[in-house]
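Results of the structural survey
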Amino acid sequence: MNLLTLIVVLPLTGFLLNGLLGPRLGKSFVTVVGCGLPVLAFLATIRAFGQLDGAAGLALVESAYTWAVVGDFSFDIAFYFDRLSALMTLIVTGVGSLIHIYSTGYMKDDPSYARYFAYLNLFLFFMLLLVLGRSLLVCFVGWEGVGLASYLLIGFWFEDPAKAAAGKKAFITNRVGDAGFLLGMFLIYYALGTLDFDAVNAAFQGPVPPAVSASLVGVLLFIGATGKSAQIPLHVWLPDAMAGPTPVSALIHAATMVTAGVYLVARLNGLYLVAPEASQLIAGIGVATAFFAATIAVVQTDIKKVLAYSTISQLGFMFLALGVGAYGVAVFHVYTHAFFKACLFLGAGSVIHALGGEQDIRKMGGLARRIPVTFVTFAVATAAIAGLPPLAGFFSKDEILWYAFASERGGSPLLWAVASVTALLTAFYMFRLLILTFLTPSRMDHETEHHVHESPWSMTSVLVVLAVLSAIGGFFHVYLFLEPVMPLPETAHALEHLEWPLIILAVVIGLAGLAAAVYVYRGGLDRAERLERRFPGLHRLLSGKYYIDELYEAVLGRPLHWISERVFLGLGDRRLIDGSLHGLASLAQRAAGRLSSVETGQLQQYLWLALMGIVALLAWMWRHG
Amino acid sequence: MDRTQLLLWLSFALFSLGFVGVMIRRNALVMLMCMELMLNGVILSLVTFAERSAMLSGAVLVFLVFVVAAAEIAIAIPIVLLLARRRRTLDVGAWSELRG
């Protein structure tokens, strides 16, 4: 039985059914197909997981289709199910199914209900292709496909030009990264003649090093990862991607798609183990992204934007772990992050739902009593991301901090220090969000306040499940489970006595963030506004997001616009193409004008012309006859 | 001067007469008649050559040409009639705006 193929094909079926028949067969059909098939895929994944246990640590491999045969190399669509992809598949189908169920409540009154579920299923299909693909090529197809689905869903309400533009921004920014991915893939194929992950890892780990620089390939593929996972310098699209429906932000832009970059690097750990320069770059970019995104999140006022920057920051943590060789730990954080960040986003969706579309936390407050289920689940997830024990985020973040400090593969106190400051900021801005949204006295206008209501059970039940998972998920130590696939790096012996003090310090940092947030925001916005007035420059810089968008606009956008306008449009299109065509047309027109003067309507003149013609013809025939 | 040459000269004279007529007269009916002269000149030369090479098909062809010429005139005369009725003149110059 082709179980892996079944897992991948189920959501595709959902996409086709909902996309083609959904609008005609009505809402209940769409709901059953849209939620049922992902749940079936999840069950199939669990079954495959059981088979994996029976296979004694070996990977399940399944070839579905031979795509192309070039020379003596064939490009197969094959699926590869080892512990890493099994875990990712479980996250994708599990969290994906939950978010599908949540969406039935959240999108209930949307006129494009069927289209929404069709896109969501399409996303799941491509995401499963990405994580289950055995070769870089299949992975790349999924990689592009999730980009497409992300574009479609960010611009889901495309009547709003700002939302459509956000979709385009995401797509184009990702395209920049994809160029790196493609080049890396070409280099691997050129050097090794294969694109299969297992073969590539084995080749780079083998006794004879391949005839290509592992760091070069590693950096190129990492450029692809920075695009998909929103790392500096390609992070600009993710905050704008919040234009999409909130469940989409939870599924694509928090739990699954944005971790594809992490998955790619972890999947190719054999390559990155022999690419220390690329790993250093990854660690540096990761920790820088984590820090800068966290500082921006501190001043954001849109509930979803705070979560978006927090996602970028958490992804930075994952890349930090990858950079210091702790691949399993990075995937551990992917796993815990999927739970608490999905819970936070869905909780934010529930808040937005309750307030009839309001997203500005300055106009919220006092919601804890009004929507208690949302509040409790949101609080659990907030504590989890802030790293308070014994919730899930504590375990994964603590492992990351420890390996950033002590790993023999590039860990350093500097990385640890920056990451710790970031953890402090994380706790601060997340509790700020929680306090401003739920606890402080209400700042809502009367009309909104009157309509506040708890979300339907289809939404709250999902929140509860995710909150429970965020609470207990950390006890399943993923990095130990993954150790057969991705060994953990050695830690420096001289530092091992510091492990416990560092754990305690991490807890203290989390509590300090909580205390700071309580101190600043307990009484509402007054104290924060005083701080703002004291540091106006800093506040402007942070709420301007370091002016990265403006920088790109000045350095890339405007020159590109100028070249398009002046060179391609003005010179190329208008002058060269239009000019030559208009020239030809006016030539024909002028020639016709001249010739038409011959046509006078005088029969005799015509006859003379005919005569001259005949004579000329006869003369010509006489000479050449 | 033998007979063939004589007939060819005659045919040439007929053709030239007709041609000069078409060229210099502006009366539509006269032009039509002159065109018939040209046609006859050509047919005469055709018959002459056909007889010289002892081929009957030439003579048969002459009848065909006559039929076509008759049909042509049958169309041309009514057109000229209509034009003349409208403008009260047979001068072809009066219709030069039909040049299109």
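Everything below is about the structure shown above.
Below you will find a few notes about this structure. (Residues numbered from 1 in each chain as written. Chains lettered and ligands numbered in written order. Predicted model: local features only at pLDDT ≥ 70, side-chain atom pairs only at ≥ 80, totals over all residues. Heavy atoms only, no water.)

**Some details on the side chain of S135(A)**
All names here are of chain A. Turning to its location among the elements, S135 is positioned in the loop between helix 5 (113–132) and helix 6 (136–154). On the basis of relative accessibility, which here comes to 5%, the residue S135 falls in the buried class. Once residues within four sequence positions are removed from consideration, S135 is found in contact with D76, L195, D196 and F197. (Helix = DSSP H or I, 4+ residues; strand = E, 2+ residues; numbered from the N terminus. Buried < 20%, exposed > 50% of the residue type's maximum accessible area, 1.4 Å probe, protein only. Contact = heavy atoms within 4.5 Å.)

**So, the pattern of salt bridges**
All names here are of chain A. Under the criterion given, the structure shown has ten salt bridges over all chains. Taking the shortest distance from any N to any O, the salt bridge between R267 and D82 comes out at 2.4 Å. Of this pair, R267 sits in helix 12 (residues 260–267) while D82 sits in the loop between strand 2 (73–81) and helix 4 (83–106), placing them 185 residues apart in sequence. A residue is classified by how much of its surface remains accessible, and D82, at 6% relative accessible area, is buried. Residue D196 is joined to R134 by a salt bridge in which the shortest nitrogen-to-oxygen separation is 3.9 Å. (Salt bridge = Lys/Arg side-chain N within 4 Å of Asp/Glu carboxyl O.)

**Examining the packing of aromatic side chains**
All names here are of chain A. Counted by the stated rule, this structure contains 31 aromatic pairs over all chains. Ring plane angle 75° and centroid distance 5.5 Å describe the contact between Y116 and F156, whose orientation is recorded as edge-to-face. Of this pair, Y116 sits in helix 5 while F156 sits in the loop between helix 6 and helix 7 (161–192); the two residues are 40 residues apart in sequence, bridging distant segments of the chain. For the pair shown, Y116 and F156 are each scored as buried. The lysine or arginine in question, R175, covers the ring of F171, its NZ or CZ lying 4.3 Å from the ring centre. (Phe/Tyr/Trp six-rings, centres within 6.5 Å; stacked < 30°, edge-to-face > 60°. Lys NZ or Arg CZ within 6 Å of the ring centre and 35° of its normal.)

**Description of the nonpolar core**
Judged by nonpolar contacts, the single largest core of 207 residues is most densely connected at L271(A) and Y272(A). Tallying contributions element by element places helix 16 (residues 327–354) of chain A first for this core, with 19 residues. What Y272(A) contacts, discounting residues up to four positions off in sequence, is G218(A), L221(A), F222(A), V265(A), A278(A), S279(A), I282(A) and Y327(A). In this structure, F19(B), M23(B), A28(B) and V92(B) belong to the second largest nonpolar core, which totals twelve residues. (Core = buried A, V, L, I, M, F, W, Y, C linked by side-chain atoms within 4.5 Å.)

**Quick word on a nonpolar patch on the surface**
All names here are of chain A. Together, V373, V464, V468, I472 and F475 make up a nonpolar patch on the protein surface, roughly 410 Å² of accessible area in all. With three residues, helix 21 (residues 457–472) is the largest single contributor of residues to the nonpolar patch. If you trace the backbone, I472 turns up in helix 21. According to the relative accessible area criterion, I472 is partly exposed, its value standing at 49%. (Patch = residues over 30% accessible without salt bridge, like charges linked within 9 Å, V, L, I, M, F, W, Y side chains within 5 Å. Areas by Shrake-Rupley, 256 points an atom, 1.4 Å probe, with all protein chains shown as cover.)

**A closer look at the environment of P209(A)**
Tracing the sequence through the fold places P209(A) in the loop between helix 8 (197–205) and helix 9 (214–228). Sequence separation between P209(A) and Q359(A) is 150 residues, and the spatial gap between their C-alpha atoms is 53 Å.

**Focus on the interface of chain A and chain B**
If you look at the interface, chain A gives ten residues, while chain B gives eleven residues. Of the roughly 900 Å² buried between chain A and chain B on both sides combined, carbon and sulfur atoms contribute 59%. Contact with chain B buries area across many residues of chain A, yet E599(A), Q604(A) and L607(A) alone supply 50% of it, more than any other trio. Applying the counting rule to chain A against chain B returns three residue pairs in polar contact (both at pLDDT 80 or more). (Buried area = accessible area lost by both parts, 1.4 Å probe. Polar contact = N/O pair within 3.5 Å; in protein donor to acceptor, adjacent residues only side chain to side chain.)

**A look at helix 18 (residues 392–406) of chain A**
Over its 15 residues, helix 18 of chain A runs 22 Å from end to end, which matches the ideal 21 Å to within 8%, given 1.5 Å per residue. For helix 18 of chain A, the tally of buried residues reaches 15 of 15 residues, placing the bulk of the element in the interior. (Expected span 1.5 Å × (residues − 1).)

**Details of the side chain of H100(A)**
All names here are of chain A. On the secondary structure map, H100 appears in helix 4. Within polar-contact distance, the side chain of H100 engages the side chain of N121 at 3.0 Å. Other than its neighbours up to four places away in sequence, H100 contacts G34, C35, P38, F117, L120, N121 and L124.

**A word on the packing of helix 6 of chain A against helix 12 of chain A**
All names here are of chain A. Packing of helix 6 against helix 12 brings their axes to within 12 Å, and their N-to-C directions diverge by 175°. For the element pair helix 6 / helix 12, the angle class is roughly antiparallel. Of helix 12, the residues touching helix 6 (which contributes L136, C139 and W143) are A260, G261 and L264. Residues of the contact of helix 6 with helix 12, tallied by class, amount to five nonpolar, one polar and no charged. (Axes fitted to C-alpha atoms, helices over the stretch in contact; angles between N-to-C directions. Parallel < 35°, antiparallel > 145°, perpendicular 65-115°, else oblique. Nonpolar A, V, L, I, M, F, W, Y, C, P; charged D, E, K, R; others polar.)

**Re helix 11 (residues 246–255) of chain A**
Within helix 11 of chain A, ten of the ten residues are buried, which leaves it mostly tucked inside the rest of the structure. The elements touched by buried residues of helix 11 of chain A are helix 4, helix 5, helix 6, helix 10 (237–240), helix 15 (303–323) and helix 16 of chain A.

**Examining unusual backbone geometry**
Residue and element names in this part refer to chain A. The residue after I232, namely P233, is reached through a cis peptide bond having omega 5°. Note that P233 resides in the loop between helix 9 and helix 10. Backbone torsion omega between P389 and P390 reads 0°, so that peptide bond is classified as cis. You can see P390 is positioned in the loop between helix 17 (372–386) and helix 18. Its identity is not glycine, yet K545 carries a phi of approximately 55°, on the positive side. Structurally, K545 can be placed in the loop between helix 25 (536–543) and helix 26 (548–596). For Y547, which is not glycine, the phi dihedral falls at a positive 55°. On the secondary structure map, Y547 appears in the loop between helix 25 and helix 26.

**Structural notes on the pairing of strand 1 (residues 60–70) of chain A**
Residue and element names in this part refer to chain A. In this structure, strand 1 lies alongside strand 2, joined through nine bridges in antiparallel fashion. Residue Y65 lies in a different strand from strand 2, and its bridge partner there is I77. Following strand 1, the chain reverses through two residues before pairing antiparallel with strand 2; G71 in that reversal takes a positive phi of roughly 60°. (Pairing = 2+ DSSP bridges.)

**Some details on the environment of K304(A)**
Residue and element names in this part refer to chain A. Relative to the helices and strands, K304 resides in helix 15. C-alpha of K304 to C-alpha of G349: the two residues are 45 residues apart in sequence and 8.6 Å apart in space. Beyond its immediate sequence surroundings of up to four residues, K304 is in contact with M242, G244, P245, T246, S249, F345, I352 and Q359.

**Comments concerning the packing of helix 18 of chain A against helix 19 (residues 413–439) of chain A**
Residue and element names in this part refer to chain A. One way to put it is that helix 18 packs onto helix 19 with a least axis distance of 7 Å and a crossing angle of 155°. Between helix 18 and helix 19, the angle is such that the two are roughly antiparallel. Side by side, helix 18 and helix 19 meet where K397, L401, A404 and F405 of the first sit next to P413, L415, W416, A419, S420, A423 and T426 of the second. Grouping the constituent residues of the contact of helix 18 with helix 19 by class yields eight nonpolar, two polar and one charged.

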